[in-house]
Every structure is written in structure tokens, then in C-alpha cells.
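Residue-level listing of the chains:
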Amino acid sequence: EAGVVQSPRYKIIEKKQPVAFWCNPISGHNTLYWYLQNLGQGPELLIRYENEEAVDDSQLPKDRFSAERLKGVDSTLKIQPAELGDSAVYLCASSLGQNTGELFFGEGSRLTVL
Amino acid sequence: AQSVTQLDSQVPVFEEAPVELRCNYSSSVSVYLFWYVQYPNQGLQLLLKYLSGSTLVKGINGFEAEFNKSQTSFHLRKPSVHISDTAEYFCAVRSSGTYKYIFGTGTRLKVLA
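Just so it is clear, the structure is predicted and the values come from calculations on it, not from any experiment.

Rules and cut-offs
- Residues numbered from 1 in each chain as written.
- Chains lettered and ligands numbered in written order.
- Predicted model: local features only at pLDDT ≥ 70, side-chain atom pairs only at ≥ 80, totals over all residues.
- Heavy atoms only, no water.
- Helix = DSSP H or I, 4+ residues; strand = E, 2+ residues; numbered from the N terminus.
- Contact = heavy atoms within 4.5 Å.
- Rg over C-alpha atoms; globule rule 2.2 N^0.38 Å.
- Lys, Arg positive; Asp, Glu negative; His and termini not counted.
- Charge placed at Lys NZ, Arg CZ, Asp CG, Glu CD.
- Buried area = accessible area lost by both parts, 1.4 Å probe.
- Salt bridge = Lys/Arg side-chain N within 4 Å of Asp/Glu carboxyl O.
- Polar contact = N/O pair within 3.5 Å; in protein donor to acceptor, adjacent residues only side chain to side chain.
- Nonpolar A, V, L, I, M, F, W, Y, C, P; charged D, E, K, R; others polar.
- Buried < 20%, exposed > 50% of the residue type's maximum accessible area, 1.4 Å probe, protein only.
- Pairing = 2+ DSSP bridges.
- 1 Å grid on protein atoms, 1.4 Å probe; cavity = no way out; pocket = protein on both sides within 12 Å on 5 of 7 lines; lining within 4 Å.
- Points joined across faces, edges and corners; volume = space filled by probe spheres on them.

Student: Can you explain the overall build of chain B? Please cite residues and give values.
Tutor: What chain B contains, in helices and strands, is zero helices and twelve strands. Shown N-terminal to C-terminal, the secondary structure of chain B runs as helices and strands in the order β-β-β-β-β-β-β-β-β-β-β-β. When the backbone C-alpha atoms are referred to their principal axes, chain B occupies close to 45 × 30 × 20 Å. Looking at chain B alone, contacts between residues at least 24 apart form 56% of all its contacts between residues at least 6 apart.

The structure is reproduced here in C-alpha cells:
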């Protein structure tokens with residue numbers, strides 16, 4: 001069974017440019033998460049989806065970040081425009097959404113903003 | 001509000017020695033607890049989880065953890081570490097009835113030859 005797939009693995013852009021990250025969760029997982037991981041820190045939630053509905057986006061900086069999960073399967077996270085402080089790893093995770101379920105993570109997308 | 005504290009940012013230990021990575025949490029409701037491992041340039045992988053029942057939980061790669069409700073702790077242990085255990089370890093908590101996971105800041109385990 002395929003795990004959570006993310007792309008690109010690495011992205012280098014100049015500040016003020018846009019960037020997008022893609023995530024395909026494990027088949028059948030209706031809950032999808034985007035996390036931000038700064039260097040030396042634990043993951044911090046950006047947004048959580050239940051199917052196609054964003055049920056927790058309270059930590060998403062909506063002035064420059066956006067996300068979508070149109071068909072309730074794969075998801076895209078966008079930053080426009082990127083700032084130097086956005087350099088980090090963006091992790092996608094999915095779960096079955098059951099009360100006892102754990103998170104399954106992708107390998108992450110490492111963003112460097114110059 | 002929930003929070004997770006990993007008291008040690010780095011733990012160096014010699015190969016074949018035992019190790020304990022500490023994790024304390026705070027929550028006003030019952031919780032589920034998790035330990036994840038992250039190898040360089042990879043995502044997080046589940047080591048073990050506590051949901052209910054026995055307070056001693058065994059996971060992959062010879063790791064185990066003990067849930068202590070009175071001390072609000074969930075320390076991770078391994079009796080004999082290998083070089084390949086060198087990685088970052090994250091403790092996470094989720095309150096029952098929610099889907100919000102809170103992660104600690106991580107402990108970098110470095111196993112020395």
C-alpha cells in the first residue's frame with residue numbers, strides 16, 4: 001500500500017514568489033493535515049480537512065497561505081507571496097479519522113526562500 | 001489547553017547502553033499519547049501509541065513507553081540502543097474526542113560508537 005506522497009521534496013525560490021505543494025494521502029483516509037516544521041521544532045498544525053471540508057484552519061496565515069482539497073482526496077498548499085521566514089518543511093499527514101487513529105506522514109516538502 | 005514538554009533537546013548515549021527520552025504533557029481531559037521518530041530528511045513514523053488499557057506500551061524497534069497518569073508522563077525507553085536509532089524523537093498528545101495533535105519540540109538521540 002502506498003504511503004502519503006508529497007511533491008516537490010525540495011523547492012528553492014526567491015522571496016515574493018509563489019509556491020505550491022501537493023499531497024496525496026493514503027487511499028481511504030478521509031482526514032488530511034498540513035503541518036509546518038521549523039528547524040529543530042516539532043510539527044505545528046496549519047490546517048485539517050475532513051474530506052473536502054477545512055474543519056480547522058485557525059493556524060493558517062490566511063493573508064498569504066491557502067489550501068484546497070477539492071475532491072476530498074489530494075490537497076494543495078499554496079504560499080503567495082513567500083517570505084524569508086517561510087523557509088521550513090511542510091509536512092502532509094493523513095488518518096482514517098477514527099477516534100484512535102494515528103497520523104501517517106509524508107516525507108515532507110522542504111522550502112528555502114532566498 | 002494541551003501541551004507537551006520534552007525536557008531534553010539532545011541525548012547522547014553509547015551504543016548498547018539503555019536510554020530514556022522524557023515526555024510530559026498537560027491536558028484537562030483524557031488523552032491519547034504517541035511517540036514518533038524522524039530520520040534525516042524523512043517524515044515522521046509512528047513508534048508506539050497509548051490509547052487505553054495497559055500502561056506499558058511496546059512499539060517497533062525494541063522501544064517501549066510507560067503512561068503515568070499521576071505524573072502526566074509518557075517516557076520512551078530502550079534497553080540497548082543501536083547506531084541506527086540515531087534520529088529525532090517526538091512525543092505527541094491528542095485529547096480524546098478531538099483530532100488535534102500537539103507535538104513536543106523533539107529530542108535528538110545520538111548514538112555513539
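Student: Please provide a residue-by-residue account of the overall build of chain A, values included.
Tutor: Broken down by element type, chain A carries zero helices and eleven strands. By the compact-globule yardstick of 13 Å for 114 residues, chain A fits well, its C-alpha radius of gyration being 13 Å. Each principal axis of the C-alpha distribution contributes one length, and for chain A these read about 40 × 25 × 25 Å. When contacts within chain A are restricted to residue pairs at least 6 apart in sequence, long-range pairs at least 24 apart make up 52% of them. Where the 11 positive side-chain charges of chain A centre and where its 15 negative ones centre are 7 Å apart.

Student: So, the interface of chain B and chain A: which residues are in play, and what are the values?
Tutor: Interfaces are often sized by the accessible area lost when the parts come together. Taken together, the contact between chain B and chain A spans 20 residues of the former and 24 residues of the latter. The largest share of the area that chain B buries against chain A comes from Asn41(B), Tyr99(B) and Tyr101(B), three residues that together contribute 31% of it. Across the chain B-chain A interface, the total number found is one salt bridge. Between Glu102(A) and Lys49(B) there is a salt bridge, with the nearest N and O atoms lying 2.7 Å from each other. On the surface where chain B and chain A come into contact, there are five residue pairs in polar contact (both at pLDDT 80 or more). Listed by contribution, the elements that provide at least two residues to the side of chain B that touches chain A are β5 (31–38), β6 (44–50), β10 (87–95) and β11 (101–103) of chain B. Top contributing element to the side of chain B that touches chain A by residue count: β5(B), with four residues. Of the residues in the side of chain B that touches chain A, the class split is ten nonpolar, seven polar and three charged.

Student: Could you give me a rundown of unusual backbone geometry, with the residues and numbers involved?
Tutor: Residue and element names in this part refer to chain A. At the junction of Ser 7 and Pro 8, the peptide bond is cis and its omega measures out at -10° in the coordinates. Here Pro 8 shows up in the loop between β1 (5–7) and β2 (10–13). Backbone geometry places Lys 16, a non-glycine residue, at a positive phi of 80°. Tracing the backbone through its elements, the reader meets Lys 16 in the loop between β2 and β3 (19–24). On the basis of relative accessible area, Lys 16 is assigned to the exposed category, the value being 66%.

Student: Describe the pairing of strand β12 (residues 107–112) of chain B, with residues and values.
Tutor: All names here are of chain B. The two faces of β12 differ: Thr 107, Leu 109 and Val 111 on one face are buried, but Arg 108, Lys 110 and Leu 112 on the other face are not. As paired strands, strand β2 (residues 10–14) and β12 are joined by five bridges and run parallel to one another. The partner of Val 13 across the bridge, within β12, is Val 111. Note that β10 and β12 share three bridges and pair antiparallel.

Student: Could you give an account of the layout of surface pockets, with specific residues and numbers?
Tutor: Each pocket or cavity is described by its volume, and for the largest pocket that value is around 490 Å³. Taken together, 27 residues make up the lining of the largest pocket; nearest its centre are Leu39(A), Arg110(A), Gln38(B), Asn41(B) and Arg108(B). Among the secondary structure elements, those contributing two or more residues to the lining of the largest pocket are β9 (88–95) and β11 (109–113) of chain A together with β10 and β12 of chain B.

Student: Could you give an account of the pattern of salt bridges, with specific residues and numbers?
Tutor: Counting across every chain of the model gives twelve salt bridges over all chains. Close ionic contact of Glu83(A) with Arg64(A) constitutes a salt bridge, the shortest N to O distance being 3.3 Å. Highlighted residues: Glu83(A) in the loop between β8 (75–79) and β9 and Arg64(A) in the loop between β6 (53–56) and β7 (65–68), separated in sequence by 19 residues. Taking the relative accessible area as the measure of exposure, Glu83(A) reaches 41% and is therefore partly exposed. Judged by relative accessible area, which is 12%, Arg64(A) ranks as buried. When the shortest N-O distance is used, the salt bridge between Arg22(B) and Asp8(B) registers 2.9 Å. Taken together, the residues Arg22(B) in the loop between β3 (19–21) and β4 (24–26) and Asp8(B) in the loop between β1 (3–5) and β2 connect sequence positions 14 residues apart.

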